[in-house]
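Fold and contact review
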Amino acid sequence: MNTPERLLKIFDILLHTFGKRHWWPGETPLEVIVGAVLTQNTSWKNVEKAIGNMKAKGIMDLGALNVAENDALAGVIRSAGFFNIKSKRLKNLIKVLCDDFDGSIEKLKLIDTEKLRKLLLGVNGMGPETVDSILLYALGRPVFVVDAYTKRFLKNHGLLENENDYHRIQAWFQENLPSDTYLFNEYHALIVALAQTCCRKTPLCRECPLRDDLRTES
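Quick caveat: nothing in here was measured; it's all calculated off a predicted structure.

Observations regarding the packing of helix 2 (residues 29-38) against helix 3 (residues 44-56)
The geometry of helix 2 relative to helix 3 is characterised by a closest axis approach of 10 Å and an angle of 130° between their N-to-C directions. Overall, the two elements helix 2 and helix 3 adopt an arrangement that is oblique. In this structure, helix 2 crosses over helix 3, and the sense of that crossing is right-handed. Contacts between helix 2 and helix 3 involve Glu31, Val34, Gly35 and Leu38 on the former and, on the latter, Trp44, Val47, Ala50, Ile51, Met54 and Lys55. Within the contact of helix 2 with helix 3, the residues separate by chemical class into 7 nonpolar, 1 polar and 2 charged.

Spelled out as structure tokens, the structure:
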């Protein structure tokens, strides 16, 4: 079985095991964008609380966020952790959306993926995982998101060993899978589900739904 076939087989097994993950949760593209920034180094539960606070304060809006003071915003998103840093990063991103795209996410969607990715990576505080999460989950672009769970999954399952470079891992997935937004979205979410249940730092291999696949494939 070649790599593309095996990756699709793994996807099917994980989908059968965990079901559709309905990721990324968010009522609007803006909520997804905000969540992508806030989820750095914290749990989604903490991000949900921060987003709830933002809605309650009436600032889940590009214009309101653009004029909000850093300190005030930091207080609202406190539950997300590193709130002073994240408020500045979020403000940096919102300013670009307001200044360069007239506060319209629809205008953002008109930019081709490569150019838009480069633009977003140029925003202070925006790393590749955050930017690719925005591209995939908020804007529907077929880019594969790589995180610590992805790297652990690849290492534990002997799929791509001794590789930690974000862009090389991303390229490997994108070269071996069909370029499809749904597939990339669901696959990443399923890897997260696997990492949180079985593929932990100390793996629970006996409980892994991929154990038979690992035994039979080299």
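Let's talk about the packing of helix 2 against helix 6 (residues 83-101)
To characterise two packed helices, one gives the angle between the axes of the helices and the distance between these axes. Running from N to C, helix 2 and helix 6 point in directions that differ by 140°, and their axes come no closer than 9 Å. Considered as vectors, helix 2 and helix 6 are oriented oblique to each other. When you trace helix 2 past helix 6, the crossing you get is right-handed. Along its contact with helix 2, which presents Leu30, Ile33, Val34, Val37 and Leu38, the element helix 6 presents Lys86, Arg89, Leu90, Leu93 and Ile94. For the contact of helix 2 with helix 6, the per-class residue count stands at 8 nonpolar, no polar and 2 charged.

Section: helix 12 (residues 181-197)
Helix length check: helix 12, at 17 residues, gives a terminal C-alpha distance of 25 Å against a target of 24 Å (1.5 Å per residue), a fit within 8%. Of all 17 residues making up helix 12, 13 are buried, and the element is well covered by its neighbours. At the N-terminal boundary of helix 12, the capping side chain belongs to Asp180, with an oxygen 3.2 Å from the backbone nitrogen of Tyr182.

A look at the pattern of salt bridges
On inspection of all chains with the given rule, the structure shows 7 salt bridges. We note a salt bridge from Arg117 to Asp132, for which the minimum N-O separation is 2.7 Å. Taken together, the residues span a long stretch of sequence, with Arg117 in helix 8 (residues 113-121) and Asp132 in helix 9 (residues 128-138) at a distance of 15 residues. For Arg117, a relative accessible area of 14% translates into the label buried. Between Arg168 and Glu163 there is a salt bridge, with the nearest N and O atoms lying 3.1 Å from each other. Each of Glu27, Glu31 and Lys55 takes part in one network of salt bridges that share partners.

A word on the packing of aromatic side chains
Counted according to the given criterion, the structure contains 10 aromatic pairs. On the numbers, 5.2 Å between centres and 40° between planes, the contact of Trp23 with Trp24 is tilted. Here Trp23 falls in the partly exposed class, since its relative accessible area comes to 28%. Aromatic side chains Phe144 and Phe184 sit 5.5 Å apart centroid to centroid with 75° between the ring planes, which places their arrangement in the edge-to-face category. In this pair, Phe144 is assigned in the loop between helix 9 and helix 10 (148-156) and Phe184 in helix 12, connecting sequence segments 40 residues apart. Taken as a pair, Phe144 and Phe184 share a single burial class, namely buried. Counting every residue linked through ring pairs, the aromatic cluster contains Phe11, Phe144, Trp172, Phe173, Phe184 and Tyr187.

Cut-offs and rules
- Every residue gets a number counted from 1 within its own chain, in the order that chain's sequence is written.
- Restriction of local features to residues with pLDDT of at least 70 applies here, the model being predicted, together with a cutoff of 80 or more for giving and counting side-chain atom pairs; totals for whole chains, interfaces and linings are based on all residues.
- Computation of side-chain values: all heavy atoms of the structure, hydrogens and water removed.
- To define axes, lines are fitted to C-alpha atoms, for helices over the stretch in contact only, and angles between the resulting N-to-C directions are given on a 0 to 180 degree scale.
- Under the DSSP-based scheme used, a helix requires at least four consecutive residues in state H or I and a strand at least two consecutive residues in state E, with every element numbered from the N terminus.
- Oblique is the label for any angle not under 35 degrees, not over 145, and not in the 65 to 115 range, which are roughly parallel, roughly antiparallel and roughly perpendicular in turn.
- What makes a crossing left-handed is the near helix being turned counterclockwise from the far one by less than a right angle; a clockwise turn instead makes it right-handed.
- Residues are treated as being in contact if the distance between any of their heavy atoms lies within 4.5 Å.
- All residues other than Ala, Val, Leu, Ile, Met, Phe, Trp, Tyr, Cys, Pro, Asp, Glu, Lys and Arg, Gly among them, are scored as polar; the first ten of these are nonpolar and the last four charged.
- In this analysis, the expected span of each helix is defined as 1.5 Å times one less than the number of residues it contains.
- Burial classes follow relative accessibility: with a 1.4 Å probe on protein chains only, a residue under 20% of its type's maximum area counts as buried, one over 50% as exposed, and anything between as partly exposed.
- As used in this structure description, the phrase polar contact means that two N or O atoms lie within 3.5 Å; if the pair is within protein, one of them must be able to donate a hydrogen and the other to accept it, and residues adjacent in sequence are counted only when both atoms belong to side chains.
- Each reported salt bridge corresponds to a side-chain nitrogen of Lys or Arg within 4 Å of a carboxyl oxygen of Asp or Glu.
- Any pair of Phe, Tyr and Trp rings, taking the six-membered ring for Trp, is counted once the centres come within 6.5 Å. Such a pair is stacked with planes under 30 degrees apart, edge-to-face with planes over 60 apart, and tilted for the rest.

No statement about biological role is implied by the geometric values presented.
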